[in-house]
Amino acid sequence: MKVENIVIFLHNLLGGPIAKDDHRLTPLQMCIYTTTVIGTSVALFTLCLFDLHRMLYSRDLVLSVIDLLMLLGIATTVLAIQSSTVIKHLTKSRVSIFQCLDDIDAHLYTLNIGGEPTHNLSRNWLVAAVGAIVISLAYLLAIALRINQANTLIFAFKAYGMFVIFLMHGMFLVLCYQIWQRIRCMVVHLGKMIASFKRQNIISNNSDKGNVGLRFCRDLQTLAIVQWQCFRACNRLNDECGLSNVSIFGMFFYVLTAKSFQLFYICSIEFKRHGFTFTHLIEPTVLIIAVFLYFFTSAYLGEMVLRETQLVINNLHKFESMHTTSQHKINQSELVEQLGNQIVHQPICFNVINFFQIDLKFFHLVMASVATYLIILLQFDFQN
């Protein structure tokens, strides 16, 4: 069995929004199964609520409130991920993200680019699964010394939620990377077309120019289809992961803000009250590092997609500037203009239900907001 199928099965076992196919189970069976998974998560979260009185007043009220909001954030995100599965099956689309990628590869194959976008695909899926497992284990090790009979269920639910969240976001990053690689293939092929066009103007004879012009027209038409398929795949991914990504990025923002403040609080105020406790520093450190890496990776991939799309437009301008007034080249110029208009009117970008676009500008905005709220929290006099 492929690594891709194992990871997808593991994710669907926990109720994720992405599925490769629905042939093994009918939509009704999938809805029943996903509803059962949601009911199990709600039952576990309800059991955790019975121990909140011990967690809230066990040591420090400020740290207890931070842990409580973290628990609520994890529960909300897990339920959003699992609920999006039900929504996906109720509003079932005929075309999945995986079918869109297969369609893109079929057209890239006609351009002699078969197999390049899927290079190291199994490794990417394995990295997504291993990353979620490593973060969950690291979180368990970070809180191992704090686990007792009263908070075992709470920490177990948090570890389970961490695995679901980071596995879902890891799969989202893998699919974003696959779309980026296919847009990059368009850039590379346009570069080859420009180089070939230069050689044609230098060394080709008149009898070959007609055949070369027809080949360029055919390639431009294929690239237009590839661009439209990439646009469709990106929209499909944004729709399937939109609800879950809203909760995930919201939780990321809370972790970066609250856990950074928690580190300051433990190292200053908590140190004066109870002395230095190393075990309370490990958990926020692990979460901040994990969240920052995943958040930066998603913003970086979104930025790379925008830049590769701009490179496609730049190469189209270069290609169009080389044309003369021959009939074949006039046809090529029209195809170049059509492809350019298609890219402008159908931009390929990753967004979250059209609330915001995932790129480095979004990353800078979130980091600035985290710094602002962190400064506001640090100005409170928690000692009094």
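Residues numbered from 1 in each chain as written. Predicted model: local features only at pLDDT ≥ 70, side-chain atom pairs only at ≥ 80, totals over all residues. Heavy atoms only, no water.

- The protein chain carries the name Gustatory receptor in an unreviewed UniProt entry, which gives Anopheles quadriannulatus as its organism.
- According to the UniProt record, the Subcellular location (unreviewed entry) comment for the protein chain is "Cell membrane".
- Word for word, the UniProt comment on the protein chain under Function (unreviewed entry) is "Gustatory receptor which mediates acceptance or avoidance behavior, depending on its substrates." (UniProt positions renumbered as here; feature names shortened; annotations may be inferred.)

1. Considering the UniProt feature "transmembrane region" (unreviewed entry) in the protein chain
Here is step 1: According to UniProt, the feature "transmembrane region" (unreviewed entry) maps to residues 32-50, 62-81, 125-147, 159-180, 246-269, 281-301 and 362-380 in the numbering used here.
Here is step 2: Helix makes up 89% of residues 362-380 and strand makes up 0%, while its end C-alpha atoms are separated by 28 Å. (Helix = DSSP H or I, 4+ residues; strand = E, 2+ residues; numbered from the N terminus.)

2. Observations concerning the side chain of Glu-308
Here is step 1: Turning to its location among the elements, Glu-308 is positioned in helix 10 (residues 279-321).
Here is step 2: For the buried Glu-308, which has no salt bridge, the nearest side chain bearing the opposite charge is Arg-184, at an N-O separation of 4.3 Å. (Buried < 20%, exposed > 50% of the residue type's maximum accessible area, 1.4 Å probe, protein only. Lys, Arg positive; Asp, Glu negative; His and termini not counted. Salt bridge = Lys/Arg side-chain N within 4 Å of Asp/Glu carboxyl O.)

3. Concerning the pattern of salt bridges
Here is step 1: Going through the model one piece at a time under the given rule, you end up with 6 salt bridges.
Here is step 2: Note that Asp-105 and Arg-182 form a salt bridge whose closest N and O atoms lie 2.9 Å from each other. In this pair, Asp-105 is assigned in helix 5 (residues 97-109) and Arg-182 in helix 7 (residues 152-203), connecting sequence segments 77 residues apart.
Here is step 3: Residues Lys-259 and Glu-283 are paired through a salt bridge, measuring 3.7 Å at the closest nitrogen-oxygen approach. Of the two residues, Lys-259 sits in helix 8 (residues 206-267) while Glu-283 sits in helix 10, which places them 24 residues apart along the sequence.
Here is step 4: Overall, Glu-283 belongs to the buried group, its relative accessible area being 1%.

4. What about the confidence of the model for the protein chain?
Here is step 1: Put simply, the protein chain has an average pLDDT of 79, and 79% of its residues get 70 or more.
Here is step 2: The secondary-structure element of the protein chain with the lowest mean pLDDT is helix 9 (residues 269-274), recorded at 62, while helix 12 (residues 360-378) shows the highest, at 91. (pLDDT = per-residue confidence, 0-100.)

5. Let's talk about the packing of helix 1 (residues 3-13) against helix 6 (residues 121-142)
Each pair of packed helices can be described by the angle between their axes along with the distance between the axes.
Here is step 1: It is at 8 Å that the axes of helix 1 and helix 6 come closest, and there the two elements cross at 30°. When the axis of helix 1 is compared with that of helix 6, the two are roughly parallel. For helix 1 against helix 6, the interelement crossing comes out left-handed. Residues Val-3, Glu-4, Val-7 and Ile-8 of helix 1 touch helix 6, and the partners they reach there are Leu-121, Ser-122, Trp-125, Leu-126 and Ala-129. (Axes fitted to C-alpha atoms, helices over the stretch in contact; angles between N-to-C directions. Parallel < 35°, antiparallel > 145°, perpendicular 65-115°, else oblique. Left-handed = near helix turned anticlockwise from the far one by under 90°. Contact = heavy atoms within 4.5 Å.)

6. Things to note about the nonpolar core
Here is step 1: By size, the foremost hydrophobic cluster in this structure holds 97 residues, and its most contacted members are Trp-125, Phe-166, Ile-179, Leu-237 and Phe-252.
Here is step 2: If one sorts the elements of this core by residue count, helix 7 sits on top with 27 residues.
Here is step 3: Setting aside anything within four residues of it in sequence, one finds Phe-166 in contact with Ala-132, Ile-135, Phe-252, Ala-290, Val-291 and Tyr-294.
Here is step 4: Counting residues in hydrophobic clusters, the runner-up holds 9 residues, among them Leu-63, Ile-66, Phe-261 and Tyr-265. (Core = buried A, V, L, I, M, F, W, Y, C linked by side-chain atoms within 4.5 Å.)

7. A closer look at helix 5
Here is step 1: Here helix 5 contains 13 residues, and its C-alpha end-to-end distance of 19 Å stays within 8% of the 18 Å for a straight helix at 1.5 Å per residue.
Here is step 2: All buried positions along helix 5 are accounted for by Ile-97, Phe-98, Cys-100, Leu-101, Ile-104, Asp-105 and Leu-108. Down the axis of helix 5, the sector holding all buried residues measures 155°, keeping them to one side. (Expected span 1.5 Å × (residues − 1). Arc of directions from axis to C-beta.)

8. With respect to the packing of aromatic side chains
Here is step 1: For the coordinates displayed, the defined rule picks out 19 aromatic pairs.
Here is step 2: Geometrically, the ring pair formed by Phe-249 and Phe-252 is edge-to-face, given 6.1 Å between the ring centres and 80° between the ring planes. Remark: Phe-252 and Phe-249 occur in helix 8; sequence separation between them is 3 residues, near one turn of the helix.
Here is step 3: Look at Phe-249 and you get buried, because its relative accessible area is 6%. (Phe/Tyr/Trp six-rings, centres within 6.5 Å; stacked < 30°, edge-to-face > 60°.)

9. Quick notes on the side chain of Gln-178
Here is step 1: Take Gln-178: it is sitting in helix 7.
Here is step 2: Apart from the residues within four sequence positions on either side, Gln-178 is in contact with Leu-101, Pro-117, Thr-118, Leu-121 and Asn-124.

10. As for unusual backbone geometry
Working note: non-glycine residues mostly have negative phi, and peptide bonds are mostly trans.
Here is step 1: For Ile-353, which is not glycine, the phi dihedral falls at a positive 50°.
Here is step 2: Mapped onto the fold, Ile-353 is located in the loop between helix 11 (327-345) and helix 12.
Here is step 3: Positioned with a positive phi, Asn-354 is a non-glycine residue whose angle comes to about 60°.
Here is step 4: As for its position among the elements, Asn-354 is in the loop between helix 11 and helix 12.

11. Concerning helix 6
Here is step 1: With 22 residues, helix 6 should cover 32 Å at 1.5 Å per step; its first-to-last C-alpha distance of 32 Å lies within 8% of that length.
Here is step 2: Within the span of helix 6, buried status applies to Leu-121, Asn-124, Trp-125, Ala-128, Ala-129, Gly-131, Ala-132, Ile-135, Ser-136, Tyr-139 and Ala-142. Take helix 6 and look down its axis: the buried residues cluster within an arc of 170°, on one side only. Residues of helix 6 that are exposed and point more than 90 degrees away from the buried face comprise Arg-123, Val-127 and Leu-141.

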